[in-house]
Amino acid sequence: MKRILAALLAAAIGAFALVGAGGTQPAAAQAATIHVDAGNGEPGYAVNAFLPETLTIATGTTVAWHFPWIEPHTTTFGTVTATTKPAASPATYDGTGVLTSDLTFGNPNGSVKPFEVKFTKAGTFKYTCEIHPFMTGSVTVVNGGNVDSQSTVNERRTNNYVNRLGELKSVAAGLAAQSAAVTPMASGGNKYTLTIGPATRAGDDVMQFFPAAAKITAGDTVEWKATAPTPHTVTFGPITPPPGPGFDPFALPPSKPAAGYDGTGFVNSGIMTASPPGAPADPNEIKSFELKFTKAGTYQYYCILHADQAMVATITVEAAPTPPTRAPGPPNTGSGQQGGDGWMLIAGAIVAAIVAGGGSVLAARYRATR
Ligand SMILES: [Cu+2]
């Protein structure tokens, strides 16, 4: 009995030594592939980070970057040029030259293949996401000594994500608690100022409009204000013709009816951004977009780039009060109600078209707006 206990104890100590303190393990014991995430999120929130950001692996180990969220990312070592072609996965990297994945739209159902890279030489290699400049990471490759186990990687991956998501949610809760600023307009009616999804300093995005359900009166104007360098649109109605392969949402021009919106047709702000303070002024930047509403109804709108992340909201327009000189008529119940999940179909079509056309064109356009 004593001998069995001693054997069990020895086995336990052996196992502990193998894993090592702090969740590291000897290089020789590392799994052939270490799994990490390139971004993550949930409807209304995108955490744009490599999770975890740093990693220590043994020479010959493969790192698999998974894409568990819809917001697109790349995993890019070195500096891409106009002629850089994305590498096929699995790839190998010796720390020299450029190695990049394609722009990859993820999916929480795990259907998107990870980008796998086998590291063949020791060194510390920094990498980034082509469209999220704050999104950086590094892989340290060692020939011996202690390296990360998958379990310690998982722990850091989860902690980083939970912390950053929590920060995004507290920013959103603060904005959700406020109502839209209202200012009387010289031309009549009021102007309601709405906020488009802010970003955190770390580069994560709240993919929402605030307030999400604004109420105004016919004749009022809504102004949307961009708050971050992240590109967004304010868009009413389906895109016609429906997006086909190679569709570039950045090429869709601004358009709105001169007389105001009556709940019909297509309205688009164009790509809206707010350059960070201190950035060179861009005279073409669309920082705000105004639209006058002329007819009672509830109108759904969306961001073309992020509708698939639930960046959708409504404006409810109530009928203007009946002039006192006339007898009050029956209340206007609003005839402009738009179809419920139309934006979902639109979002699906947009992403399918971008993926079919190859993401790199879109990556270049995203870069141009940052
Ligand atoms: Cu957006």
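Each chain carries its own residue numbering, running from 1 in the written order of its sequence. Residues qualify for local features only when their pLDDT is at least 70, as the model is predicted, and side-chain atom pairs are given and counted only at 80 or more; totals for whole chains, interfaces and linings, by contrast, use all residues.

Peer 1: Could you give me a rundown of the nonpolar core, with the residues and numbers involved?
Peer 2: By our criterion, buried Ala, Val, Leu, Ile, Met, Phe, Trp, Tyr and Cys residues that link up through C-beta atoms within 7 Å make up a nonpolar core. The burial criterion counts other C-beta atoms lying within 10 Å of a residue's C-beta, which is placed from the backbone; the residue is buried at 20 or more, exposed at 12 or fewer, and partly exposed between these limits. If you look at the biggest cluster of nonpolar residues, it comprises 72 residues, and the most contacted ones within it are V36, I57, V63, V222, F293 and I315. Only DSSP runs of H or I covering at least 4 residues are called helices, and only runs of E covering at least 2 are called strands; the numbering of each starts at the N terminus. Take this core: its biggest share by element is 6 residues, from strand 3 (residues 45-51). Here this core gathers at least three residues from each of two domains, domain 1 (18-171) and domain 2 (179-323 + 330-369). The contact criterion used here is simple: two residues whose C-beta atoms, placed from the backbone, lie within 7 Å are in contact. Residues contacting I57, with those up to four places away along its chain left out, are Q30, I34, V63, F119, V139, V141, V147 and D148. Reported domain spans reflect what an automatic or database domain assignment gives.

Peer 1: Describe helix 2 (residues 150-176), with residues and values.
Peer 2: A helix is expected to span 1.5 Å for every residue after the first. The first and last C-alpha atoms of helix 2 sit 38 Å apart over 27 residues, in line with the 39 Å expected at 1.5 Å per residue. Listed in full, the buried residues belonging to helix 2 are V153, R157, Y161, R164 and L168.

Peer 1: So what's going on with the sheet that holds strand 3? Which residues, and what values?
Peer 2: Strand pairs in the sheet, formed through backbone hydrogen bonds, run parallel or antiparallel to each other. Spatial ordering of the open sheet is given by 7-9-5-2-3-15, a layout of 6 strands whose pairing is mixed. At either end of the open sheet lies a strand with only one pairing partner, and these are strand 7 (91-93) and strand 15 (205-206). Direction of pairing for strand 2 (residues 33-42) relative to strand 3: antiparallel, over a ladder of 5 bridges. Across the sheet, D37 pairs through a bridge with L51, a residue of strand 3. Helix 2 rests against strand 2, strand 3 and strand 15 of the sheet, and its axis sits at about 150° to strand 3. Two strands form a pair only when DSSP identifies at least two bridges running between them. The axes used here are C-alpha line fits, helices contributing only the stretch in contact, and every angle between their N-to-C directions lies in the interval 0 to 180 degrees.

Peer 1: How would you sum up unusual backbone geometry? Please name residues and give values.
Peer 2: A cis amide bond, omega -5°, links L51 with the succeeding residue P52. In this structure, P211 follows F210 across a cis peptide bond, with omega equal to -10°. Within the secondary structure, P211 is located in the loop between strand 16 (209-210) and strand 17 (213-217). In this structure, A310 is a non-glycine residue whose phi angle is positive, near 75°. Along the polypeptide, A310 turns up in the loop between strand 22 (297-302) and strand 23 (312-318).

Peer 1: Just give me the short version of the sheet that holds strand 10 (residues 123-129), but keep the residues and values in it.
Peer 2: Taken together, the 5 strands give an open sheet; going across it, the order is 4-11-10-6-8, and neighbouring strands pair in mixed fashion. What marks the edges here is a single partner per strand, and that holds for strand 4 (54-58) and strand 8 (99-100). Across 7 bridges, the pairing between strand 10 and strand 11 (residues 132-142) is antiparallel. Within the sheet, the bridge partner assigned to T124 lies in strand 11 and is T140.

Peer 1: So what's going on with the environment of G41? Residues and values would help.
Peer 2: Secondary-structure assignment places G41 in strand 2. Along the chain, G41 and R164 lie 123 residues apart, while their C-alpha atoms are 9.8 Å from each other. The contacts of G41, once residues within four sequence positions are left out, are A46, V47, W69, E71 and Q309.

Peer 1: Describe the pairing of strand 2, naming the residues involved and giving the relevant values.
Peer 2: Counting buried positions along strand 2 gives 7 out of 10 residues, so the element sits mostly inside the fold. Summarising the sheet, strand 2 and strand 5 (residues 62-66) pair through 5 bridges and their orientation is parallel. Note that in strand 5 the partner of I34 across the bridge is V63. Joining the antiparallel neighbours strand 2 and strand 3 is a turn of 2 residues, in which G44 adopts a positive phi near 90°.

Peer 1: Go over the confidence of the model for the chain, please, and point to the residues and values.
Peer 2: Confidence scores per residue from the predictor, reported as pLDDT, run from 0 to 100. With 81% of its residues at a pLDDT of at least 70, the chain reaches an overall mean of 87. In the predicted structure, residues 331-340 sits below a pLDDT of 50 and forms 16 contacts with residues beyond four places in sequence or in another chain.

Peer 1: Let's hear about the pairing of strand 14 (residues 190-196): which residues, and what values?
Peer 2: With 4 bridges connecting them, strand 13 (residues 181-184) and strand 14 associate as antiparallel partners. Residue pairing in the sheet places P184 in a bridge with N190 of strand 14. Between strand 13 and strand 14, which pair antiparallel and follow one another directly, the connecting turn spans 5 residues, one of which, G188, has a positive phi of 100°. Here strand 14 pairs with strand 18 (residues 221-225) via 5 bridges, running parallel. Residue Y192 lies in a different strand from strand 18, and its bridge partner there is V222. In this structure, strand 14 lies alongside strand 16, joined through 2 bridges in antiparallel fashion. Among the inter-strand pairings, I196 is bridged to a residue of strand 16, identified as F209.

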